[in-house]
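# Residue-level structure breakdown
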Amino acid sequence: MKNLKKTLLSTSVTLLALSVNPAAYADKYTDALVNGKVKGEINVRFEGADQDIPNKDTATALTARTRFTYTTGTVDGFSAVFGVTNTFAILDSYNDKTPTGDTKYAVVADPETTEIDQGFIQYKADGLTAKLGNQVITFDGHRHIGHVGWRQNRQTFDGFSANYTEGDYSLSYAYINQRNRIFAEAADIDSSDHLFNGSLKLGAGKLVGYAYLLEGENPGAEDELSTFGVSYTGKAGDFGYTVEFATQSYEKGTMDADADYLFLEGSYNFDGITAKLGYESLGSDGGAYGFQTPLATGHKFNGWADLFLKTPDAGLVDLYGSVATKAMGGKVVAAYHLFDADSGNGDLGSELDLLYVKPISKVYTAGVKAAFYSAGDDFGVDTSRVWAWVEAKF
C-alpha cells in the first residue's frame, strides 16, 4: 500500500506541475510521440468448415488480417497506445455471421472489417497500471474474460481498467461500457460491466477470486449476468493441477436462473511430453438455462469445432484428455473430448482436435489445425474444420 500511496502522490505532483507550466513538458511529449514503437502483424489463414446439414454448403475462407499498433514513449508514467486492424477475404464462400452473411454456407466468424483495434491512455508506476479507452482485457486463461484472439478480428472493450500488484498479491478492476465483439462494429454491445479479480500466491500455487457483473444494454439484449468464483492452480514437481468453482445468476425479462461451474484439471510432464486430463461442468438450472461465458475466448475450450460457444440449456459436461510435445521442429497437440448434458442423460457427442505449429524464423510462424466433431444422440451435427496459416510479427 505504501507503493500505491507513492504512486498517487507522484501523479498529483505531475499534474500540478503540468497545469502550472505546460511549456516545460512540451519537449518531453514531443520526444514521447516521435520515439514511440510500431508493431505489426500479418496473418493469412485458410479455414474450411463442413457441417452435415441439408442444403448447407461447405465454407471456404481465405482471409488476411493486418494489425499495426503504435505505442508512444513514456512521460512521468503516462503513455498511449493506438492500433488499427483490417481483415479482408481473398476467398469468401462462407457465412461471416454478420447481418449480411451468406447463410447457405457454414460459419467462419471472420468478417471483412477495418476498425480501431486498441486506443487508450495508460499510466504505469510502482505496481499500478491503469488504462482508459479501447483495450484488450483478459483474466485467468480467458475462461470468463478474453480477447478471442484466434479469430481475425479480436474482441476488445471500451472502458477503464486498473491493476495493482505488490508482493504476492494482485488486485484488478475494470469497467466496460462497450463490448467490441469479433463480428465487426455492427455487432458491438453497449454495456455496464464491472469486473473484479484478485490473486494471492499461496503455497505452491495461486489462489484467485473473482466477480464478473455483466449488464447488456442493447435493445433486445438487456440482461444481467453475475458470476462469482474462486480457483487454485498449483504445481508439485512434474504434476500440475487446477481446481475452480463458480456460481452464476442470470436475469432477462421474466427469466431468473442460476447455474454452477466446476473445473478440475491435472497435468504431468515426462520426457518432453505434457499430458492433461480434465473435467469441466457448465451446470444447468433444471434444463432451462446453462452456465454462460459470453466474454470468454470460447474457441479455447470445449473443442475447436466451436459447437459449444453458447452452453446448451441442459448444461455441458466436458471430459477431456490431451497430449502435447515438440516434434519436427514445432509443437504437436492432440486432444479428445467426450460431451454430455449436465441436466438429464443427454449425449452431446465427442471431438478430436489436432494441431501442429512451427516457427520458421523470428518473424514467421506457420501452422495447421483440425477439429472433427461427431454428433451425439441429443445434440449437434457432424462438423469438421481445418485451418492452415502463416503469420508474421514484426
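Thresholds, definitions, all that
- The numbers attached to residues start from 1 for each chain and follow its sequence in the written order.
- This being a predicted model, a pLDDT of at least 70 is required before a residue's local features are given, and a value of 80 or more before pairs of side-chain atoms are given or counted; all residues contribute to the totals for chains, interfaces and linings.
- Only hydrogens and water are removed before side-chain values are computed, so all heavy atoms of the structure are retained for them.
- Strands are runs of DSSP state E lasting at least two residues, helices are runs of H or I lasting at least four, and both sets are numbered from the N terminus onward.
- Note that the radius of gyration is over C-alpha atoms, with the globule rule given as 2.2 Å times the number of residues to the power 0.38.
- Burial status follows relative accessibility: with a 1.4 Å probe on protein chains alone, a residue under 20% of its type maximum counts as buried, one over 50% as exposed, and anything between as partly exposed.
- The contact definition used throughout considers only heavy atoms, calling two residues in contact when any of these lie within 4.5 Å.
- Only four residue types enter the tally: Lys and Arg on the positive side, Asp and Glu on the negative side, with His and both chain ends excluded.
- A charge is said to be at NZ when it belongs to Lys, at CZ for Arg, at CG for Asp and at CD for Glu.
- The pairing test for Phe, Tyr and Trp rings, Trp by its six-membered ring, is centres within 6.5 Å, and the orientation test on the planes gives stacked under 30 degrees, edge-to-face over 60, and tilted for anything in between.
- As a reminder, the over-ring test applies to NZ of lysine and CZ of arginine, requiring each to be within 6 Å of the ring centre and within 35 degrees of the ring normal.
- Here, nonpolar core means buried Ala, Val, Leu, Ile, Met, Phe, Trp, Tyr and Cys residues that are tied together by side-chain atoms lying within 4.5 Å of each other.
- What makes a salt bridge here is a side-chain nitrogen of Lys or Arg within 4 Å of a carboxyl oxygen of Asp or Glu, nothing more.
- Strand pairing is assigned whenever DSSP identifies at least 2 bridges connecting the two strands.
- UniProt positions are given in the numbering used here, feature names are shortened, and annotations may be inferred rather than shown by experiment.
- Each patch is assembled from residues with relative accessible area greater than 30% and no salt bridge, linking like charges that lie within 9 Å and nonpolar side chains (Val, Leu, Ile, Met, Phe, Trp, Tyr) that lie within 5 Å.
- Using a 1.4 Å probe, the Shrake-Rupley method yields the accessible areas, and only the shown protein chains count as cover for residues.

Per an unreviewed UniProt entry, the protein chain goes by the name Alginate export domain-containing protein and belongs to Saccharobesus litoralis.

A few words now on the overall build of the protein chain. Looking only at helices and strands, the protein chain features two helices and 18 strands. Taken against the 2.2 N^0.38 rule, which gives 21 Å for 394 residues, the C-alpha radius of gyration of the protein chain at 23 Å falls within 12% of a compact globule. Along the longest, intermediate and shortest principal axes, the C-alpha atoms of the protein chain span 70 × 55 × 45 Å. When burial is assessed residue by residue, the protein chain has 45% of its 394 residues classed as buried. Looking at the protein chain alone, contacts between residues at least 24 apart form 55% of all its contacts between residues at least 6 apart. Averaged over its 33 positive side-chain charges, the protein chain has a centre that lies 11 Å from the centre of its 51 negative ones.

A few words on the packing of aromatic side chains. One pass over the full model with this rule turns up 17 aromatic pairs. Measuring from ring centre to ring centre gives 5.0 Å for Tyr 173 and Phe 196, while their planes differ by 45 degrees; the resulting arrangement is tilted. Of this pair, Tyr 173 sits in strand β7 (residues 169-180) while Phe 196 sits in strand β8 (residues 189-202), and the two are 23 residues apart along the sequence. The rings of Phe 308, Phe 339, Tyr 373 and Phe 379 are connected pair by pair, giving a single aromatic cluster. Positioned above the aromatic ring of Trp 150, the side-chain terminus of Lys 369 is 3.6 Å from the ring centre.

The next thing to look at is the nonpolar core. Formed by 39 residues in total, the largest nonpolar core has its most connected members in Ile 137, Ile 145, Leu 195 and Phe 308. Ignoring anything within four residues of it in the chain, the contact list for Phe 308 reads Asn 302, Leu 316, Phe 339, Leu 348, Tyr 373 and Phe 379. By size, the runner-up hydrophobic cluster in this structure holds eight residues, among which are Ala 49, Ala 59, Ala 89 and Ala 106.

Moving on: the pattern of salt bridges. Close approach of charged atoms allows side chains with opposite charge to pair. Here the structure, examined in full by the defined rule, presents eleven salt bridges. One salt bridge connects Glu 47 with Arg 151, and the closest N-O pair in it is separated by 2.7 Å. With Glu 47 in strand β1 (residues 37-51) and Arg 151 in the loop between β5 (128-135) and β6 (156-166), the pair connects residues that are 104 residues apart, well separated along the chain. Each member of the pair, Glu 47 as well as Arg 151, carries the same accessibility label: buried. Measuring nitrogen to oxygen at the nearest pair gives 3.8 Å for the salt bridge that ties Asp 117 to Arg 67.

Turning our attention to the side chain of Lys 369. Here Lys 369 is to be found in strand β17 (residues 364-374). Buried and unpaired, Lys 369 has no salt bridge, with Asp 306 as the nearest side chain of opposite charge at 7.8 Å. Ignoring anything within four residues of it in the chain, the contact list for Lys 369 reads Trp 150, His 299, Trp 304, Leu 354, Leu 355, Arg 385, Val 386, Trp 387 and Trp 389.

As paired strands, β6 and β7 are joined by eleven bridges and run antiparallel to one another. In the strand pairing of β7, Phe 160 is matched with Tyr 175. Hairpin geometry of β6 and β7 is characterised by an intervening segment of two residues between the two adjacent antiparallel strands and by a positive phi of about 60 degrees at Gly 167. Here ten bridges tie β7 to β8, and the two strands are oriented antiparallel to one another. Residue pairing for β8: Ser 172 is matched across the bridge by Asn 197.

On the UniProt side, "domain: Alginate export" (unreviewed entry) is annotated at positions that read residues 100-274 here. Helix makes up 0% of residues 100-274 and strand 66%, and the two end C-alpha atoms of the span are 43 Å apart.

Mapped onto the fold, Ser 79 is located in strand β3 (residues 78-93). Beyond its immediate sequence surroundings of up to four residues, Ser 79 is in contact with Thr 72, Gly 73, Thr 74, Phe 120, Ile 121 and Gln 122.

Sheet topology note: the β8/strand β9 (residues 205-216) ladder contains ten bridges and is antiparallel. For Asn 197, the partnering residue across the bridge sits in β9 and is Tyr 210.

As for its position among the elements, Arg 181 is in the loop between β7 and β8. Taking the C-alpha atoms as reference points, Arg 181 and Val 148, separated by 33 residues in sequence, lie 8.8 Å from one another. With residues up to four places along the chain from it excluded, the contact list for Arg 181 reads Asn 153, Gln 155, Ala 187, Asp 188 and Ile 189.

Take unusual backbone geometry next. Here the phi dihedral of Asn 55 falls at roughly 65 degrees; this positive angle occurs in a residue that is not glycine. By the element assignment, Asn 55 lies in the loop between β1 and β2 (59-71). Classification of Asn 55 by relative accessible area gives exposed; the value is 75%. Notably, Ala 184 is not glycine yet its phi reads approximately 80 degrees, a positive angle.

Let's shift gears to a negative patch on the surface. Taken together, the side chains of Asp 190, Glu 215, Glu 217, Glu 222, Glu 224, Glu 251, Asp 256, Asp 258, Asp 260, Asp 285 and Asp 342 define an acidic patch exposed on the protein surface. With three residues, the top contributor of residues to the negative patch is strand β12 (residues 255-270). Position of Asp 190 relative to the elements: it lies in strand β8. For Asp 190, a relative accessible area of 37% corresponds to the partly exposed category.

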